[in-house]
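Observations on the three-dimensional arrangement
Here are the chains, one letter per residue:
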Amino acid sequence: MNTQDYIALEEQYNAHNYHPLNVVLDRGQGIWVWDIEGNRYLDFLSAYSAINQGHTHPRILQALIDQASKLTLVSRAFRNDQIALLAKELCELTGFDTMLPMNSGAEAVETALKAARKWGYKVKGVPENQAQIITCEGNFQGRTISIVSFSTEAQYRDGFGPFTPGFVTVPYGDAAALEAAITPNTVAFSLEPIQGEAGVIIPPDGYLQQVREICTRHNVLMMADEIQTGLGRTGKLFACDWEGVKPDVVTIGKALSGGFYPVSAVLARQDVLGVFKPGDHGSTFGGNPLGAAVAREALKVIVDENLIENAVQQGEYLKGRLERIESEHIAEVRGRGLLIGVELKPEAGGARRFCEMLKDEGLLCKETHDNVIRFAPPLIIQREDLDWALERIEKVLMTA
Ligand SMILES: *Cc1c(COP(=O)(O)O)cnc(C)c1O
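Residues numbered from 1 in each chain as written. Predicted model: local features only at pLDDT ≥ 70, side-chain atom pairs only at ≥ 80, totals over all residues. Heavy atoms only, no water.

**Considerations on the overall build of the protein chain**
Put simply, the rule reads: Per the convention used, a helix needs a DSSP run of H or I reaching at least four residues, while a strand needs a run of E reaching at least two, with both numbered from the N terminus. Atoms counted for the radius of gyration: C-alpha only. Globule rule: 2.2 Å times residue count to the power 0.38. Residue contacts are counted whenever heavy atoms from the two residues lie within 4.5 Å of one another. Exposure was quantified through the Shrake-Rupley algorithm and a 1.4 Å probe, taking into account, for residues, occlusion by the shown protein chains and nothing else. When charges are counted, Lys and Arg contribute as positive and Asp and Glu as negative, whereas His and the chain ends are disregarded. The location of each charge is read from NZ of Lys, CZ of Arg, CG of Asp or CD of Glu.
Regarding its fold elements, the protein chain presents 14 helices and 15 strands. The C-alpha atoms of the protein chain give 21 Å as radius of gyration, which agrees with the globular expectation for 400 residues (21 Å, within 12%). Oriented by its inertia axes, the alpha-carbon framework of the protein chain measures out at about 60 × 50 × 45 Å. Within the protein chain, counting contacts between residues at least 6 apart in sequence, those at least 24 apart form 72% of the total. Surface exposure of the protein chain reaches about 17,600 Å², of which carbon and sulfur atoms provide 50%. In the protein chain, the 38 positive side-chain charges and the 52 negative ones have mean positions that sit 5 Å from each other.

In structure tokens form, the structure reads like this:
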């Protein structure tokens, strides 16, 4: 079968809920992936930051194989050794009291929303069914009905109503708007410390600290979605660390497994996750020993290989070089660590065509919204690989 055959099969039998670049990949190692024709590409998306450790990392692979040959799933009806060790190691690494393991990012967000509501009723004393959660314009937190209920992206909602009530939206980056929206029934404020899907939108300096202060003063939970920005991507363990801010609740996923397995988690103080009693919430696969063993090793790799420090160093270099490209198409370069968005001018004809051209040059990137190219290579990337990529990025942005 050739590339066109695979594309035709997928188009025929798979739902069309994505518009992928037409490259059929069958192998990955480190920062590189290969298509079925043997062409090599530098992965500059990292599966939306799930591959921070690089593809098929040998240590995580070994942990997967070892655990898969011992025990994979027992459900939470019984205990397993790996969930206990993951819980301890993850809490020690992040400084949180407790964690609750799930699978996808959206499930972690749903879990955080449920915890916040229950905390509101049981701890804060909000009247039953009155809890409100404040969210941000431009948010992306997943695709479930409750999560798209507070999306401000028309396409994510169109055709999926009726929606879950209890959400209020404020402009992102505007602390005064947050404070004005808080009522006695507000239980939580949910935000991404950098909005990745919205186009790598970085809030004004001091915003996270102001949010922290406002949430504390009004007894509102600050819930940070670090599913994309967390685990080293922005050059800190969490993007909130850039302002020295500790949220009450953090959701993580994606790189928590280095891309081997869907593993996500909610991290929080004991009084928040403590509202869950046996039977309140659960997941058949959440906290399974295979996912937990993979996550344990994925976290160790981030620490042992100094991926956070590397994200700072290489991110500064990449951003600096991108800023110096004198292309008439570029409106702005912004980013932190190795999460960088290049916003193109409206007249550039959209980011998609640049991603297509970069693919032909051997660089895989994805547009986010119409005019932003997101650059997010694996955090193991080195200077010479960035030089290789920059040569191609410059060529495409200068000639197209
Ligand atoms: C990817 C993402 C999610 C959803 O994660 P899934 O695993 O795709 O469900 C939630 N929040 C943010 C910020 C994300 O980037």
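**A look at the environment of Ala108**
Let me state the cut-off plainly: For every residue, the accessible area obtained with a 1.4 Å probe (protein chains only) is divided by the maximum for its type, and the residue is called buried under 20%, exposed over 50%, and partly exposed between those limits.
Relative to the helices and strands, Ala108 resides in helix H5 (residues 105-124). Using a relative accessible area of 0% as the deciding quantity, one classes Ala108 as buried. As for Ala108 and Gly286, which are separated by 178 residues in sequence, their C-alpha atoms are 9.9 Å apart. In this structure, Ala108 is in contact with Met102, Thr251, Ile252, Ser264, Ala265 and Val266, ignoring residues within four places of it in sequence.

**A short note on the packing of aromatic side chains**
For any two aromatic rings, the description comes down to two numbers: the centre-to-centre distance and the angle of the planes. Test applied: Only Phe, Tyr and Trp rings are paired, with Trp represented by its six-membered ring, and only when their centres lie within 6.5 Å; those with planes under 30 degrees apart are stacked, over 60 edge-to-face, the remainder tilted. Put simply, a charge is over a ring when the Lys NZ or the Arg CZ is close to the ring centre, within 6 Å, and near the line of the ring normal, within 35 degrees.
Taken as a whole and assessed by the stated rule, the structure comprises 5 aromatic pairs. Plain terms: the ring middles of Phe44 and Phe375 are 5.4 Å apart, the flat faces sit at 75° to each other, and that makes the pair edge-to-face. Residue Phe44 is found in the loop between strand S3 (40-43) and helix H2 (46-49), and its partner Phe375 is found in strand S15 (residues 372-375); the two are separated by 331 residues along the sequence. The exposure classification of Phe44 matches that of Phe375, with both residues buried. Each ring, one from Tyr172 and one from Tyr207, has its centre 5.8 Å from the other, and the planes form 75°; the classification is edge-to-face. In this pair, Tyr172 sits in the loop between strand S6 (167-170) and helix H8 (175-181) while Tyr207 sits in helix H9 (residues 207-217), placing the two residues 35 residues apart along the sequence. Note that Arg392 overlies the ring of Trp388, its terminal NZ or CZ placed 3.8 Å from the centroid.

**Structural notes on H9**
Taken residue by residue, H9 has Tyr207, Leu208, Val211, Arg212, Ile214 and Cys215 as its buried positions. Tucked inside the fold, the buried residues of H9 contact strand S5 (132-136), H8, strand S7 (186-191) and strand S8 (221-225). At the C-terminal side of H9, Asn219 shows a positive phi close to 55°.

**So, the domain arrangement of the protein chain**
This is how it is decided: An automatic or database domain assignment supplies the start and end points of every domain. Computed with a 1.4 Å rolling probe, the buried area is the accessible surface lost when two parts are put together, summed over both parts. A pairing counts as a salt bridge when a side-chain nitrogen of Lys or Arg comes within 4 Å of a carboxyl oxygen of Asp or Glu. Polar contact is defined as a pair of N or O atoms within 3.5 Å, subject to the rule that within protein one atom must be able to donate a hydrogen and the other to accept it, and that residues adjacent in sequence are counted only when both atoms are side-chain atoms. Note that Gly is not counted as nonpolar here; it falls among the polar residues with everything else outside the nonpolar set of Ala, Val, Leu, Ile, Met, Phe, Trp, Tyr, Cys and Pro and the charged set of Asp, Glu, Lys and Arg.
According to the domain assignment, the protein chain contains domain 1 (3-57 + 306-399) and domain 2 (58-304). Tallying the contact residues gives 31 residues for domain 1 and 35 residues for domain 2. Interface of domain 1 and domain 2: buried area, both sides summed, is about 2,700 Å²; carbon and sulfur atoms make up 57% of it. For the interface between domain 1 and domain 2, the tally reads 2 salt bridges. A salt bridge links Asp205 to Arg336; its shortest N-O distance comes to 4.0 Å. In this structure, the connection of domain 1 to domain 2 is made through 21 residue pairs in polar contact (both at pLDDT 80 or more). If one sorts the elements of the side of domain 1 that touches domain 2 by residue count, helix H12 (residues 307-323) sits on top with 4 residues. Within the side of domain 1 that touches domain 2, the residues separate by chemical class into 15 nonpolar, 13 polar and 3 charged.

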